[in-house]
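# Coordinate inspection notes
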Amino acid sequence: MLTNKKSPQRNSWASSSIVAIMALLVFAGCQPAGPKALMLGKRYLDQGEHEKALRVLTRASQLIPEHPQVWNHLGLAYHGLKEPTKAAEAYQRALRIDSDLAAAHYNLGILYLEENHLPQAAAELSAFVSRDTNSAGGYMELGM
């Protein structure tokens, strides 16, 4: 009899554990809105859909404003939409958050190169190649 009384407690504990584990598995697959928006924005950029990327990344910038990749990607969206001033501002904000973000140095350098701001382009591309020493493309752009 004593064993029978303990069994329901074990089953109750086991049931609670299974429910807790299932809940963890379900919620582990869910991402917070900010990172989810960043990933979706990157996907839109990869597909060349800059307007959609801009909408989603603007939202991401409100949700996770201290994430440098949000601003770098937002810069790419503006860059793709031929808005160089806004693109430069976004890249610069990414670099204020993380001055070692090589991608933002590269993107800003390319933007400056396209806009014929050669001293600034050289400075940004030099910053890029000093952080990513294996980038042949970075050295080629710097040579321009």
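Preceding this section is the structure that the text describes.
Residues numbered from 1 in each chain as written. Predicted model: local features only at pLDDT ≥ 70, side-chain atom pairs only at ≥ 80, totals over all residues. Heavy atoms only, no water.

Before going further, it helps to examine the overall build of the protein chain. The number of helices and strands found in the protein chain is eight helices and zero strands. Taken from the N to the C terminus, the helices and strands of the protein chain come in the order α-α-α-α-α-α-α-α. In the protein chain, which comprises 144 residues, the share counted as buried stands at 32%. Pairs at least 24 apart in sequence give 40% of the contacts found in the protein chain among residues at least 6 apart. Accessible surface, the protein chain as shown: approximately 9200 Å² in total, 59% of it carbon and sulfur. (Helix = DSSP H or I, 4+ residues; strand = E, 2+ residues; numbered from the N terminus. Buried < 20%, exposed > 50% of the residue type's maximum accessible area, 1.4 Å probe, protein only. Contact = heavy atoms within 4.5 Å. Areas by Shrake-Rupley, 256 points an atom, 1.4 Å probe, with all protein chains shown as cover.)

Another aspect to go through is the pattern of salt bridges. Considering all chains together, one arrives at four salt bridges under this definition. Linking Lys52 and Glu49 is a salt bridge whose minimum nitrogen-to-oxygen distance equals 2.9 Å. The exposure class assigned to Glu49 is partly exposed, which follows from its relative accessible area of 28%. For Asp100, the salt bridge goes to Arg131, with nearest N and O atoms at 3.2 Å. (Salt bridge = Lys/Arg side-chain N within 4 Å of Asp/Glu carboxyl O.)

Among the structural elements, Ser61 can be located in helix α3 (residues 50–63). Of note is the side chain of Ser61, whose polar atom sits 2.6 Å from the backbone oxygen of Thr58. Those residues within four positions of Ser61 in sequence are excluded, and the remaining contacts are Val70, Trp71 and Leu74. (Polar contact = N/O pair within 3.5 Å; in protein donor to acceptor, adjacent residues only side chain to side chain.)

Our focus in this paragraph is the packing of aromatic side chains. Here the distance between the centres and the angle between the planes together describe a pair of aromatic rings. As enumerated under the stated definition, the model contains one aromatic pair in all. Between Tyr106 and Phe128, the aromatic rings sit 5.0 Å apart at their centres with planes inclined by 55°, giving tilted as the arrangement. Here Phe128 lies in helix α7 (residues 118–131) and Tyr106 lies in helix α6 (residues 102–114), a separation of 22 residues in the sequence. For Tyr106, a relative accessible area of 25% translates into the label partly exposed. (Phe/Tyr/Trp six-rings, centres within 6.5 Å; stacked < 30°, edge-to-face > 60°.)

Here Lys82, not a glycine, exhibits a phi torsion of approximately 60°, which is positive. Structurally, Lys82 is set in the loop between α4 (68–80) and α5 (84–97).

Here α6 contains 13 residues, and its C-alpha end-to-end distance of 18 Å stays within 8% of the 18 Å for a straight helix at 1.5 Å per residue. Buried within α6 are the following residues: Ala102, Ala104, His105, Asn107, Leu108, Gly109, Ile110, Leu111 and Tyr112. Each element contacted by the buried residues of α6 is listed here: α4, α5, α7 and α8 (136–143). (Expected span 1.5 Å × (residues − 1).)

Our next topic: the nonpolar core. Counting 26 residues, the largest nonpolar core has Ala53, Leu57, Trp71, Leu74, Ala77, Leu108 and Leu111 as its most contacted members. Where this core is concerned, the elements lending two or more residues are α2 (33–46), α3, α4, α5 and α6. Looking at this core, the element that brings in the most residues is α5, giving six residues. (Core = buried A, V, L, I, M, F, W, Y, C linked by side-chain atoms within 4.5 Å.)

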